Structure formats: structure tokens, C-alpha cells
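Reading the structure
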Amino acid sequence: MEYRVIGDVMQCVSVELQPGEEVQAEAGAMIYLTDSVQINTKMTGGLMAGLGRMLGGSTAFFSHFQAVGAPGVVAFAAHYPGHTRQLTLKNDAWLCSKESFLFSQTSVQVSIALTKRLGAGFFGGAGFILQRLAGMGDAFIHGGGNFVEFDLQPGQRLRVEAGCAVAFQESVSYDVEFIGGLQNTLFGGEGIFLISMVGPGHVILSTMPFSRMAGAILAHQTTNTASSGLGNVLGDVLGNL
């Protein structure tokens, strides 16, 4: 599979398919395709796998794109600004946060994976159910902002703000921990839980997860609405003087 990444802060991935070659993607990720590429919507892996992906924040149905009769091109992009990253699987597995999976070769199995502890799901910010990418082939993930990556050595620990974890190898253990301290909890602005990741394995983080981006937009909108409302009240008062 040949591809090229287009753009900087709102990247898309353009994939060149040879006749018979096929990729699978989240529903709604495609932005354009050429005439020779056909679309076939499938519940990949069967009913239970599809329902499981829905619980993990994905879609039950995947869109499959195959070049028929001639080479073709199809391009994919996420629905918010950020960057893409290729994962090359060689009979290993990665765990990904919800919304991070973009597309992959059909030889990659996309399923769900329960976190090792209940607390990681209820308080970790990535959901109790994560997406699991396994098998052989290339997969592409997306994260907001930029990526920061670490190669954790055996026993090496990294503590991460909830929601910033995009993907990590299955060999990395994943749990949550209480940040501690009354002042930290009430006024620290970092939430009350951190993700604890222990190596060995590779970890990919995002500098601007979608949840943080949405929160910033909402806070800005609320502030502007409140300011506008106060301005209207003052205008009415002054107008009646």
C-alpha cells in the first residue's frame, strides 16, 4: 500500500490502491476517491464485533474501499485538526483510544479490548473499552495537535493526563491513579486522575485531545455569551437613562 500525507495541521492521507487492493475505514472518514474505487459497507468481524466497536466509541459498520479494474486513489481525514501516524503491525497489537482509528489494510483486525482494571475505564478518560488493532499490515491513527512519543523500558513509568493517550503497544500496562492532595484536586486544573503507563512498549500521546479542544471552545462560547448578555443589559439600562 502506497500513501502520502497531505497538509500540516489538518492532515489527510491519500492512499494509492492497485487493482484488487482494499482498505477499511471508519464511517465518514473518506474525503475523496477516484472512479475505479468502489465502496462496500460491511459489519467487519460480524455482529458481536460490530456492537463491541460501538461500545468502544467506534462504528459498527466499516466502509471498505477497493480498486476494481484499474489503480485508484482514496483519501481519509479525521473530523478535527491534528496529525496522522502510521502503525506497522507485525503480528503484534496496539490499543487505541476511541476516535483515534482512521483506516487500515483489511489484514488488520479492529476489535475491542477491556482495560485491565475497572478504574481505568471509569476514570481514565479513554473509556472502559479501548480499540485493539492486531495482525499484519498498516493502520493509521489520528490525534489532535501534535504527537509526543516514548519508548518505555521494562518497569519505566509514565503518568499522563487523562485523554492525552492516543495509542500504546499492548505490552504497556495501563491503570489510573489518584493525583492526591486537596489543593491539586480542587484547583490544579489537571483533573483528579492520571493515567499510569508502565513499560515495556511504545506510547503515543496527543498534545490537544478532542475533549480538551471541545472544552476550550465551549468555555470560550460561554464567556462570549455571558459578556454579550451583560452588554445587552447595560445597553438597556443606559438607554433608559
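Residues numbered from 1 in each chain as written. Predicted model: local features only at pLDDT ≥ 70, side-chain atom pairs only at ≥ 80, totals over all residues. Heavy atoms only, no water.

**Some points on the overall build of the chain**
Per the secondary structure count, the chain includes four helices and 17 strands. A buried classification covers 41% of the 241 residues belonging to the chain. (Helix = DSSP H or I, 4+ residues; strand = E, 2+ residues; numbered from the N terminus. Buried < 20%, exposed > 50% of the residue type's maximum accessible area, 1.4 Å probe, protein only.)

**Here's the deal with the packing of aromatic side chains**
Enumeration over the complete set of coordinates arrives at six aromatic pairs. A centroid spacing of 5.3 Å and a plane angle of 15 degrees characterise the contact between Phe-168 and Tyr-174, whose relative ring orientation is stacked. Each member of the aromatic cluster is reached from another via a ring pair, and the members are Tyr-3, Phe-65, Phe-76, Phe-103 and Phe-140. (Phe/Tyr/Trp six-rings, centres within 6.5 Å; stacked < 30°, edge-to-face > 60°.)

**Some thoughts on the environment of Leu-194**
Looking at where Leu-194 falls in the secondary structure, it is placed in strand 16 (residues 193-198). Accessibility expressed as a relative area gives 14% for Leu-194, which makes it buried. C-alpha of Leu-194 to C-alpha of Asp-175: the two residues are 19 residues apart in sequence and 8.6 Å apart in space.

**What to know about the pattern of salt bridges**
Inspection of every chain in the model, using the stated rule, returns three salt bridges. When the shortest N-O distance is used, the salt bridge between Lys-42 and Glu-22 registers 3.5 Å. With Lys-42 in strand 5 (residues 37-42) and Glu-22 in strand 3 (residues 22-26), the pair connects residues that are 20 residues apart, well separated along the chain. Exposure remark for Lys-42: the relative accessible area of 33% places this residue in the partly exposed category. Glu-170 is the partner of Arg-132 in a salt bridge, and the nearest nitrogen-oxygen pair spans 2.7 Å. Of this pair, Arg-132 sits in strand 11 (residues 129-144) while Glu-170 sits in the loop between strand 14 (165-169) and strand 15 (173-178), and the two are 38 residues apart along the sequence. (Salt bridge = Lys/Arg side-chain N within 4 Å of Asp/Glu carboxyl O.)

**Some remarks on the sheet that holds strand 16**
Taken together, three strands build an open sheet; the order of strands is 13-16-15 and the sheet is antiparallel. Because the sheet does not close on itself, it has two edges, and the strands there are strand 13 (157-161) and strand 15. The average undirected angle you get between the axes of adjacent strands in this sheet is 30 degrees. Relative to strand 16, strand 13 runs antiparallel, the two being bridged by five bridges. (Pairing = 2+ DSSP bridges. Axes fitted to C-alpha atoms, helices over the stretch in contact; angles between N-to-C directions.)

**Concerning the nonpolar core**
Within the largest apolar cluster, 16 residues are counted, with the highest numbers of intra-cluster contacts made by Val-160, Phe-168, Met-197 and Val-203. Elements with a contribution of two residues or more to this core: strand 13, strand 14, strand 15, strand 16 and strand 17 (201-206). Once residues within four sequence positions are removed from consideration, Val-203 is found in contact with Val-148, Glu-149, Phe-150, Leu-152, Leu-158, Ala-167, Phe-168, Val-172 and Met-197. (Core = buried A, V, L, I, M, F, W, Y, C linked by side-chain atoms within 4.5 Å. Contact = heavy atoms within 4.5 Å.)

**Looking at the sheet that holds strand 7 (residues 72-77)**
With antiparallel pairing, the four strands of this open sheet are ordered in space as 1-2-7-4. What marks the edges here is a single partner per strand, and that holds for strand 1 (2-6) and strand 4 (30-33). Sheet twist, expressed as the average angle between the axes of neighbouring strands with direction ignored, equals 20 degrees. As judged from the three bridges shared by strand 4 and strand 7, these two strands associate in the antiparallel manner. Looking across to strand 7, one finds that Tyr-32 is bridged to Ala-75.

**A few points about the pairing of strand 17**
A large share of strand 17 lies buried, amounting to six of its six residues. Neither face of strand 17 is open: one carries Gly-201, Val-203 and Leu-205, the other His-202, Ile-204 and Ser-206, and all of them are buried. Judged from the six bridges that link them, strand 12 (residues 147-152) and strand 17 form a sheet pairing that is antiparallel. Along strand 17, the bridge assignment pairs Glu-149 with Ile-204. Summarising the sheet, strand 14 and strand 17 pair through three bridges and their orientation is antiparallel. Residue pairing for strand 17: Phe-168 is matched across the bridge by Val-203.

**Structural notes on the confidence of the model for the chain**
When the pLDDT values of the chain are averaged, the result is 80; 68% of them are 70 or greater. Per-residue pLDDT stays below 50 along residues 184-189; that stretch engages in eight contacts with residues further than four places along the chain or on separate chains. (pLDDT = per-residue confidence, 0-100.)

**Details of the side chain of Gln-131**
With respect to the helices and strands, Gln-131 occurs in strand 11. On the accessibility criterion, Gln-131 (1% relative accessible area) is buried. A polar side-chain atom of Gln-131 sits 3.3 Å from a polar atom in the side chain of Glu-26. (Polar contact = N/O pair within 3.5 Å; in protein donor to acceptor, adjacent residues only side chain to side chain.)

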